[in-house]
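Here's the letter readout for the chains.
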Amino acid sequence: MSPMRLLIAEFKHESNTFASRPTGRAEYEARYIKRAGEIIPFFTGVKSEIGGFIEGARQAGAELVPVIAANAMPSGVVTREMFNYVRDAILQGIRTSGRIDGIALSLHGAMVVEDSFDGEGELLEAIRNQVGPDLPLMITLDFHANLTPKMMSNCSAMFGYNTYPHVDTYERGLEALLNLVKMIRGELRPVMALEWLPMLIPSLETSLPPFSRVFDAAFAMEKDPRVVNVSWFQGFPWTDIPYAGSAVVAVTDDDPALAGRLARELAQQVWEMRELFRVEVMTPAAAIAKATQSLHKPFVLADISDNPGGGAPSNGTQVIKALLDAGAKDAVVATIHDPQVVEQAVRAGVRATIDIELGGKTEPAHLHGEPLKLKAMVRTISDGRYVNKGPMGTGFKVDNGVTVVLDLGGVEVIVPERKLQPADPEILRRHGIEPRDKQMVVLKSTLHYRAAFAPLAHEIIQLDGAGLTSPNFSTFRYRNLGVPRWPLSPDARP
Ligand SMILES: [Zn+2]
């Protein structure tokens, strides 16, 4: 008997509809677009969904047919051209690959296309239309997916991350693939139920209460042998679409009543816990004052409002300005995305002092500060490449483009050519900066940094620099939500 043939692909994006710049081919190329034969070598040994697909296929003795893997930093909506490019690559891959027994897709779940609120739903519907209703099709989704009816009705089952920081992407990929194999063998008939909640939930860590309590309840449900998977989705609140919200999806083996009951129960629990989901933040000045007065170090100051991992531009200047105003002497900021300043620093060379206008160039100033006119000394220039050593995306080869470290006199700023979330301490160590030695380490990140930085931080302080991933949702102008949302509206009801 010839081995089972499983088509795999990845198409991810978390679209922040408040970011002004659309996400096209260049933004995908800056992260990665891998085709066919490049995919297995790129992901083998990497802790990601496709890494999990590869291991699952090895365990099951199945043959993988990799088509395309495309991922971009979260940012503004995806262009129609880019969406069609990947969709058509997948559809063509299905048409031209011979016999396919099943499909596993690594998706995000919060993709907005410039003319469609439902990127993943549209993609899955196009695939279903081509392969018919019966071909087993499993998907993995990010914890920040906004679930839609089209996503539900066009796949066999879905597997959402159980962690934030996302350290279980590999496990979810493996789980999806092994369940795909079972379904193809006739050992599993997955049925799903969705409970959607009109909530915009700010980001909290899943290993701690209150989020951990939701997952404890989901894991208890998963102990029932009839249950395949119970996923809770925080959702992605910085997106102005009718589907923005939280959701629970329960998957059972041929028991729709059980799936429905579990999804309702867990959703009810999430709704009742809502007041626990409010996030504590400080102003930049208060956070800096607290860190400066301490005899301990390092303080990790997380600017959760300018997280490029949530589509913010990572060039907000409010925190740097506050550091300079406070006369900070021992601080590092990772990172300010500003390719113009990188070019200027490279031209001037190491140890040169240059006049720059740093950051603040892409969004209205009231959202994240003005460009800062400064004198800066160029400390280092690097190729911006390193390998992640922390628990998230371990082994992943990062390429930030040419990266410079600027010394503003007591405040060092890491400025990469490409936008990235500083989730791994290698972004500092690669540039000769040991985070343990600094009084303040400012990270433009909402939560992913915690996986690697929490163990080395004396204390973590969250601050709100008023950027595009601020937990203060009332600063954004939502127009397309439709029904009211908690906590914006007291009328919100599930
Ligand atoms: Zn996420």
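Our subject in this report is the structure included herewith.

The rules we used
- Residues numbered from 1 in each chain as written.
- Predicted model: local features only at pLDDT ≥ 70, side-chain atom pairs only at ≥ 80, totals over all residues.
- Helix = DSSP H or I, 4+ residues; strand = E, 2+ residues; numbered from the N terminus.
- Buried ≥ 20, exposed ≤ 12 C-beta atoms within 10 Å, placed from the backbone.
- Contact = placed C-beta atoms within 7 Å.
- Axes fitted to C-alpha atoms, helices over the stretch in contact; angles between N-to-C directions.
- Parallel < 35°, antiparallel > 145°, perpendicular 65-115°, else oblique.
- Left-handed = near helix turned anticlockwise from the far one by under 90°.
- Nonpolar A, V, L, I, M, F, W, Y, C, P; charged D, E, K, R; others polar.
- Core = buried A, V, L, I, M, F, W, Y, C linked by C-beta atoms within 7 Å.

### Considering the overall build of the protein chain
At step 1: Counting secondary structure elements, the protein chain contains 15 helices and 19 strands.
At step 2: Over its C-alpha atoms, taken along the principal directions, the protein chain stretches across nearly 65 × 50 × 40 Å.
At step 3: Burial statistics for the protein chain: of 494 residues in total, 55% are counted as buried.
At step 4: Once local pairs closer than 6 in sequence are excluded, the contacts in the protein chain between residues at least 24 apart make up 77%.

### Focus on the packing of helix H4 (residues 80–96) against helix H5 (residues 119–131)
At step 1: Remark: H4 packs on H5, axes separated minimally by 10 Å, with the N-to-C direction vectors making an angle of 25°. With respect to H5, the element H4 is oriented roughly parallel. For H4 against H5, the interelement crossing comes out right-handed. Within the contact between the two elements, H4 uses Phe-83, Arg-87, Ile-90, Leu-91 and Ile-94 and H5 uses Gly-119, Leu-123, Ala-126, Ile-127, Gln-130 and Val-131.
At step 2: Looking at the contact of H4 with H5 residue by residue, the classes come out as 8 nonpolar, 2 polar and 1 charged.

### What to know about the nonpolar core
At step 1: Counting 104 residues, the largest nonpolar core has Ala-104, Val-249, Ala-250, Ala-263 and Leu-266 as its most contacted members.
At step 2: If you tally residues by element for this core, the top one is helix H7 (residues 169–184), at 8 residues.
At step 3: When neighbours within four sequence positions are excluded, Leu-266 is seen to be in contact with Val-214, Ala-217, Ala-218, Val-230, Trp-232 and Val-248.
At step 4: Grouped together as the second largest cluster of nonpolar side chains are 51 residues, Ala-302, Val-333, Ala-334 and Val-342 included.

### Things to note about the packing of helix H10 (residues 284–293) against helix H11 (residues 318–325)
Helix-helix packing is described using two parameters, namely the angle between the two axes and the distance between the axes.
At step 1: H11 packs onto H10 with a crossing angle of 45° between their chain directions and a minimal axis gap of 9 Å. In terms of orientation, H10 and H11 fall into the oblique class. Handedness of the crossing formed by H10 with H11: right-handed. Contacts between H10 and H11 involve Pro-284, Ala-285 and Ile-288 on the former and, on the latter, Gln-318, Val-319, Ala-322 and Leu-323.
At step 2: Residues of the contact of H10 with H11, tallied by class, amount to 6 nonpolar, 1 polar and no charged.

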